[in-house]
Amino acid sequence: MPFKIYQGSTVIAEGESPLAITGLEPNTTVAAGEYQATRVDGDRESERVDIPAFTTLPIAVTGVTVSPKTSNAVAGTAGTRQLSATVSPANATDKSVTYSIAPTTTGLSVSNSGLISWTDAVPAGQYTTTVTTNDGAKTDTHVLTLTEPEPPPEGE
């Protein structure tokens, strides 16, 4: 048996159940009675019934990509590298991310905006920064390699 969904005096969906209300933003709360439904029998419609309040579903995160994937620098010299995280899909509801870096080393840190900073006291080695999405805990990594400084040429 067919149905119609109204918003005010406008029919926004009709056909067999289930019907979908389209064009709403994700994670939107809709008040009870903003939409009404009727049952259609031939050319007659039932009395309109208010559709209860509902909230549209958020658009879930499916992944994250950090850029660049690797960086190199010389240990013994302070420096920074800016990372950027791209959350997928682009229209995900919650695109927030957090950054962490390991191993934990004095003088080495990563900010909430993805800026890796190190002092001249950070030893040579590999340091992995992980970006994690708030929605879905999707991750990607960046590896910072600090190399030993080149020894000065003999005789200097």
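See the structure shown above.
Residues numbered from 1 in each chain as written. Predicted model: local features only at pLDDT ≥ 70, side-chain atom pairs only at ≥ 80, totals over all residues. Heavy atoms only, no water.

**A look at the overall build of the protein**
Alright, step 1. Secondary structure summary: the protein contains zero helices and 16 strands in total.
Alright, step 2. A compact globule built from 156 residues should have a C-alpha radius of gyration of about 15 Å, whereas the protein, at 28 Å, is more than 25% larger.
Alright, step 3. Taken across its 156 residues, the protein has 26% of its residues classed as buried.
Alright, step 4. In the protein, the share of contacts with a sequence separation of at least 24, taken over all contacts with a separation of at least 6, comes to 57%.
Alright, step 5. Summed over all atoms, the accessible surface of the protein reaches about 9600 Å², with 52% contributed by carbon and sulfur.
Alright, step 6. One finds the centroid of the 8 positive side-chain charges in the protein at a distance of 11 Å from the centroid of its 17 negative side-chain charges. (Helix = DSSP H or I, 4+ residues; strand = E, 2+ residues; numbered from the N terminus. Rg over C-alpha atoms; globule rule 2.2 N^0.38 Å. Buried < 20%, exposed > 50% of the residue type's maximum accessible area, 1.4 Å probe, protein only. Contact = heavy atoms within 4.5 Å. Areas by Shrake-Rupley, 256 points an atom, 1.4 Å probe, with all protein chains shown as cover. Lys, Arg positive; Asp, Glu negative; His and termini not counted. Charge placed at Lys NZ, Arg CZ, Asp CG, Glu CD.)

**Digging into the side chain of Thr 133**
Alright, step 1. Along the chain, Thr 133 turns up in strand E15 (residues 125-133).
Alright, step 2. At 2.8 Å, the side chain of Thr 133 and the backbone nitrogen of Lys 138 are in polar contact.
Alright, step 3. Other than its neighbours up to four places away in sequence, Thr 133 contacts Val 61, Gly 63, Val 64, Val 87, Ser 96, Val 97 and Lys 138. (Polar contact = N/O pair within 3.5 Å; in protein donor to acceptor, adjacent residues only side chain to side chain.)

**Some thoughts on the sheet that holds strand E14 (residues 115-118)**
Alright, step 1. What the three strands build is an open sheet, ordered E10-E14-E13; its pairing is antiparallel. Each edge of the open sheet carries a strand with a single partner, namely strand E10 (79-82) and strand E13 (108-110). The sheet shows a mean angle of 10 degrees between the axes of neighbouring strands, direction not considered.
Alright, step 2. Here four bridges tie E10 to E14, and the two strands are oriented antiparallel to one another. Along E14, the bridge assignment pairs Gln 82 with Leu 115. (Pairing = 2+ DSSP bridges. Axes fitted to C-alpha atoms, helices over the stretch in contact; angles between N-to-C directions.)

**Comments concerning the packing of aromatic side chains**
Alright, step 1. Counted according to the given criterion, the structure contains one aromatic pair.
Alright, step 2. Considering the side-chain rings of Tyr 35 and Phe 54, the 6.3 Å spacing of their centres and the 40 degrees angle between planes classify their relative orientation as tilted. Residue Tyr 35 is found in the loop between strand E3 (29-30) and strand E4 (36-41), and its partner Phe 54 is found in strand E7 (residues 54-55); the two are separated by 19 residues along the sequence.
Alright, step 3. With relative accessibility at 3%, the residue Tyr 35 sits in the buried group. (Phe/Tyr/Trp six-rings, centres within 6.5 Å; stacked < 30°, edge-to-face > 60°.)

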